[in-house]
Protein chains: 2
Amino acid sequence: MELRHLRYFVAVADALSFRRAAERLHVAQPPLSRQIRDLEEEVGHALLERDRGGVRLTDAGRLFLRGARRSLEEAGNAVQAARDAARGRIGEVVVGNIGTLSLTLLPGALAAFRKSHPHVEVDVREMTRDAMIAALAEGTIDLALLTRTSPIRAGMQTQSVLQSAVVLAMPSTHRLARGRGPIDPRELAAEPLLYVRPQFAQGYLEWATSVCRHIGFAPRFARGADTRESLIGLIAAGYGCALAPAMLAVGVRVPGVVSRALGGSIPPFELLATWADRGASRYVDPFVAALAAAGRPAPAKIARAKRSKVDR
Amino acid sequence: MELRHLRYFVAVADALSFRRAAERLHVAQPPLSRQIRDLEEEVGHALLERDRGGVRLTDAGRLFLRGARRSLEEAGNAVQAARDAARGRIGEVVVGNIGTLSLTLLPGALAAFRKSHPHVEVDVREMTRDAMIAALAEGTIDLALLTRTSPIRAGMQTQSVLQSAVVLAMPSTHRLARGRGPIDPRELAAEPLLYVRPQFAQGYLEWATSVCRHIGFAPRFARGADTRESLIGLIAAGYGCALAPAMLAVGVRVPGVVSRALGGSIPPFELLATWADRGASRYVDPFVAALAAAGRPAPAKIARAKRSKVDR
DNA sequence: GCTGCTGATACCATGAGGGTATCAGCGCTT
DNA sequence: AAGCGCTGATACCCTCATGGTATCAGCAGC
């Protein structure tokens, strides 16, 4: 399969006619037919339905068309990016974003970085943790925001860009919701905990487990949610408590949910900027610096409140 | 340029050696060299630096490599998707997501849809409004969540999936922050308003303007922010007020920011599911139904509160 | 039954891609 | 210093895939 097949297929799918597509492509119709036939053979299924008087896409063809368009677009972007870079006009940093966790961090970093590097494009992509780790190794992204418990591969550099105290989020009717000041972490041992299933929030379970181990007990995980938002929903509905970084509680605050800091010396939740030793964009370093700077000032009013007197 | 060029280039970039790359590709080294040379000619710039004893990527090559990988991956995905579809195993719905606005809406809809259609993959992509509109026309995405003021092209169907009352978000020290109940909207005429610049949140400005026009005055926009988050930051810092859908205020609630509903008969903020008449996935209809259902129950406690007595 | 449209088939040519043999530059060893 | 081993580049040839032309097959409407 070559880009030619994709170009031809897209043309036919757009024109819904071999003849007209051939015209637009400046080739004759028979070679076009043959290329499409070859493509269908390689895929192994019919992509087009030839009715008299026209062509229609099969279900398979519809999906293939989408992928073909994306592939062609990426190929064109690659050329464009290379030309731009050769002219020294812009660079590019691609950041793999870790869901809503970085909602508080990214905006500030982006704003600061745009000021110091106006010609550098920062492209934020939403992907799962495992996808980020794979993409880092491939060089598809320059930078990922990962938790410390992530299975980071060899050849990577990391820098902590954000630390956030661990809090317990719970229904406002919960027995632990009443008191003031930090909770005695040993109280948690008896609590069934809610969690986010690993499919979407990979690593949450490991992180929560490691926090409990550090306190000194094995967690009892009661009920899983599919997304961070539905986890909050479960808490609000009174199903139980969950461990969370304080910064997450800032972003999504919902009536019926209360969060209190944990006492003792619990290691804070930590977000690591992670990038490859070799082959990364030269703009990774300044961007990481911007992240680290953004991880400190404004939104840190709560995030910084580790085990300091602010909490007490 | 063909996929072959991309495959070859990726192989060389991975091996950092023409010989070894040629081995892995099962071709001889000279043809490989020629293909790479042709590719560099087409791009117009050197992608590789040939040093004695090895190969290094140029800056242009680094960026090209990334695009090449993506293009190849999309091409592979296209084939895979077509095969899956032909077996009737799964369908696919791609949703263009409108930033944080749909944070409250999507999780519920996704959960419900997964229950009724477990074999259908829903792929959520983060993109700007204009990118969504273009992608809809191209068939790259099946569905977009757009505001009513968006310039939707012909051949599209829409369905309202969420309505949310308009609130005024302001610093807690603001004169309008004190009273109770809905604000008299005419009070706003004197207020300088903050806004999100059109680059990131395309359409916000039009929407806010149309709300003011409906009330009966021309808005005075004072200061722009780059992201929704930094807008909230500006408000918290006391720079002024901003109009917002109530649902947005639910997601991001920050100390120092207060929001109050607007009185009178202001049309609510509305989110439209938008899809192409023809060529869309067959699963669009049930997914839109799931969205509409999710737009009603739980998070609607505030969102539903249009101009009903709940506000008064 | 003719003409118009649709796409498929048959066959031929040209040229691009791939093969082999060889060259050129450089570092290391003997 | 000469030879060897590695690197990638060049020269040349062959083959087959791609694209061309001519034609066929099915169907609609006049």
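1. Let's talk about the overall build of chain A
When helices and strands are counted, chain A shows 11 helices and 12 strands. Looking at chain A residue by residue over its 312 residues, the buried ones come to 46%. Long-range pairs, those at least 24 residues apart, make up 75% of the contacts in chain A with a sequence separation of at least 6.

2. A look at the protein's contact with DNA strand D
The local shell around DNA strand D holds 18 residues, among which Val27, Ala28 and Pro30 of chain A together with Pro30 and Ser33 of chain B are the closest. Listing elements by their share of the surface near DNA strand D, those giving two or more residues are helix H3 (29–43) of chain A together with helix H2 (18–25), helix H3 (29–43) and strand S2 (54–57) of chain B. Tallying contributions element by element places H3 of chain A first for the surface near DNA strand D, with 4 residues.

3. Some points on the protein's contact with DNA strand C
The local shell around DNA strand C holds 19 residues, among which Pro30 and Ser33 of chain A together with Val27, Ala28 and Pro30 of chain B are the closest. Broken down by secondary-structure element, the contributors of at least two residues to the surface near DNA strand C are helix H2 (18–25), H3 and strand S2 (54–57) of chain A together with H3 of chain B. Looking at the surface near DNA strand C element by element, the count peaks at 4 residues for H3 of chain B. Per-class residue counts for the surface near DNA strand C are 7 nonpolar, 6 polar and 6 charged.

4. What about the nonpolar core?
The biggest cluster of nonpolar side chains holds 58 residues, and the ones touching the most others in it are Phe9, Phe64 and Ala82 of chain A together with Phe9, Phe64 and Ala82 of chain B. Mapped onto this core, the elements with two or more residues apiece are helix H1 (3–15), H2, H3 and helix H4 (59–86) of chain A together with helix H1 (3–15), H2, H3 and helix H4 (59–86) of chain B. With sequence-adjacent residues up to four places away left out, Phe9 of chain A is seen in contact with Ile36, Leu39, Leu47, Leu65 and Ala68 of chain A.

5. Observations regarding the interface of chain A and chain B
On the chain B side, the residues contacting the 50 residues of chain A number 50 residues. Elements that contribute at least two residues to the side of chain A that touches chain B include exactly H1, H4, helix H5 (106–116) and helix H8 (228–236) of chain A. Among the elements that line the side of chain A that touches chain B, the one with the most residues is H4 of chain A, at 22 residues. Tallied by class, residues from the side of chain A that touches chain B come to 22 nonpolar, 13 polar and 15 charged.

6. Things to note about the sheet that holds strand S7 (residues 166–171) of chain A
Hydrogen bonds between backbone atoms are what pair the strands of a sheet, whose relative direction is either parallel or antiparallel. Residue and element names in this part refer to chain A. One open sheet accounts for 3 strands, arranged S10-S7-S11; its pairing is antiparallel. The sheet terminates laterally at strand S10 (242–245) and strand S11 (257–261), the two strands that pair on one side only. Going across the sheet, the axis of each strand differs from the next one's by a mean of 35 degrees, ignoring polarity. Taken together, the 5 bridges between S7 and S11 define a ladder with antiparallel strand orientation. Across the sheet, the residue bridging to Ala169 is Ser259, located in S11.

7. Focus on the relation of the copies chain A and chain B
Here chain A sits on chain B after a turn of 180 degrees about the axis and a move of 0.1 Å along it, with an RMSD of 0.1 Å. On this basis, the relationship between the two copies can be described by a two-fold rotation axis. Distance from the rotation axis, computed per C-alpha, reaches its smallest value in chain A at Ser71 of chain A: 2.2 Å.

8. Re the sheet that holds strand S12 (residues 269–276) of chain A
Residues and elements named next belong to chain A. Read from one edge of the open sheet, 5 strands run S4-S3-S5-S12-S6, paired in mixed fashion. On the outer flanks of this sheet lie strand S4 (120–126) and strand S6 (156–164), each paired with one strand and no other. Neighbouring strand axes in the sheet, compared pairwise and without regard to direction, differ in orientation by 25 degrees on average. On top of the sheet, helix H10 (residues 284–294) reaches strand S3 (91–97), S4, strand S5 (143–147), S6 and S12; it is set at about 15 degrees to S6, its chief contact.

9. Some remarks on helix H7 (residues 204–215) of chain A
All names here are of chain A. Taking 1.5 Å as the rise per residue, H7 with 12 residues should run 16 Å; its terminal C-alpha atoms sit 17 Å apart, in good agreement. Of all the positions in H7, only Tyr204, Trp207, Ala208, Val211 and Cys212 are classed as buried. In an axial view of H7, the angular spread of the buried residues amounts to 135 degrees, which keeps them on one side of the axis. Against the buried residues of H7 lie S5, S7, strand S8 (192–196) and S10. Following H7 by one or two positions, Gly216 adopts a phi angle in the positive range, close to 120 degrees.

10. Comments concerning helix H6 (residues 129–138) of chain B
All names here are of chain B. Among all positions in H6, only Arg129, Met132, Ile133, Ala135 and Leu136 are buried. The buried residues of H6 occupy one face: seen down the axis, they fall within an arc of 165 degrees. Close packing links the buried residues of H6 with strand S3 (91–97), strand S5 (143–147), strand S6 (156–164) and strand S12 (269–276). The positive-phi residue at the C-terminal boundary of H6 is Gly139, with phi of around 85 degrees.

11. Considering the confidence of the model for chain A
Here chain A averages 81 in pLDDT, and 87% of its residues register 70 or above. Within the model, pLDDT remains below 50 along residues 298–312 of chain A, and this stretch shows 23 contacts once partners closer than five positions in the same chain are excluded.

12. Considerations on the packing of H5 of chain A against H10 of chain A
All names here are of chain A. Their axes nearest at 8 Å, the elements H5 and H10 cross at an angle of 135 degrees. The angle between the axes of H5 and H10 places the two elements in the oblique class. The handedness of the crossing between H5 and H10 is right-handed. Contact residues: Gly108, Ala109, Ala112, Phe113 and Ser116 in H5; Pro286, Phe287, Ala290, Leu291, Ala293 and Ala294 in H10.

13. Here we look at the environment of Leu193 of chain A
All names here are of chain A. Its location among the elements puts Leu193 in strand S8. Judged by local crowding, Leu193 falls into the buried class, with 20 C-beta atoms found within 10 Å. Between the alpha carbons of Leu193 and Val211 there is a distance of 12 Å; along the sequence they are 18 residues apart.

14. Focus on unusual backbone geometry
Residues and elements named next belong to chain A. The backbone phi angle of Leu16 is positive, close to 50 degrees, even though this residue is not glycine. For Leu16, the position within the fold is in the loop between H1 and H2. With 13 C-beta atoms counted inside 10 Å, the residue Leu16 sits in the partly exposed group. A positive phi angle, near 60 degrees, is found at His26, a position not held by glycine. The topology assignment puts His26 in the loop between H2 and H3.

15. Focus: the environment of Ala112 of chain A
Residue and element names in this part refer to chain A. In this fold, Ala112 is placed in helix H5. Note: C-alpha distance between Ala112 and Leu47 (65 residues apart in sequence) is 48 Å. If we ignore the near neighbours within four places in the chain, the residues touching Ala112 are Ala290, Ala293 and Ala294.

16. Brief notes about the packing of H1 of chain B against H2 of chain B
Residues and elements named next belong to chain B. Between H1 and H2, whose axes approach to 8 Å, the crossing angle comes to 125 degrees. Here H1 is positioned oblique relative to H2, judged by the angle of their axes. Helix-helix and strand crossings are classified by hand; for H1 and H2 the assignment is right-handed. Along the contact surface, H1 presents Tyr8, Ala11, Val12 and Ala15, while H2 presents Phe18, Arg20, Ala21, Arg24 and Leu25. Classifying every residue of the contact of H1 with H2 by side-chain character gives 7 nonpolar, no polar and 2 charged.

What counts and what doesn't
- Residues numbered from 1 in each chain as written.
- Chains lettered and ligands numbered in written order.
- Predicted model: local features only at pLDDT ≥ 70, side-chain atom pairs only at ≥ 80, totals over all residues.
- Helix = DSSP H or I, 4+ residues; strand = E, 2+ residues; numbered from the N terminus.
- Buried ≥ 20, exposed ≤ 12 C-beta atoms within 10 Å, placed from the backbone.
- Contact = placed C-beta atoms within 7 Å.
- Near = placed C-beta within 6 Å.
- Nonpolar A, V, L, I, M, F, W, Y, C, P; charged D, E, K, R; others polar.
- Core = buried A, V, L, I, M, F, W, Y, C linked by C-beta atoms within 7 Å.
- Pairing = 2+ DSSP bridges.
- Axes fitted to C-alpha atoms, helices over the stretch in contact; angles between N-to-C directions.
- Least-squares fit on C-alpha atoms with pLDDT ≥ 70 in both.
- Expected span 1.5 Å × (residues − 1).
- Arc of directions from axis to C-beta.
- pLDDT = per-residue confidence, 0-100.
- Parallel < 35°, antiparallel > 145°, perpendicular 65-115°, else oblique.
- Left-handed = near helix turned anticlockwise from the far one by under 90°.

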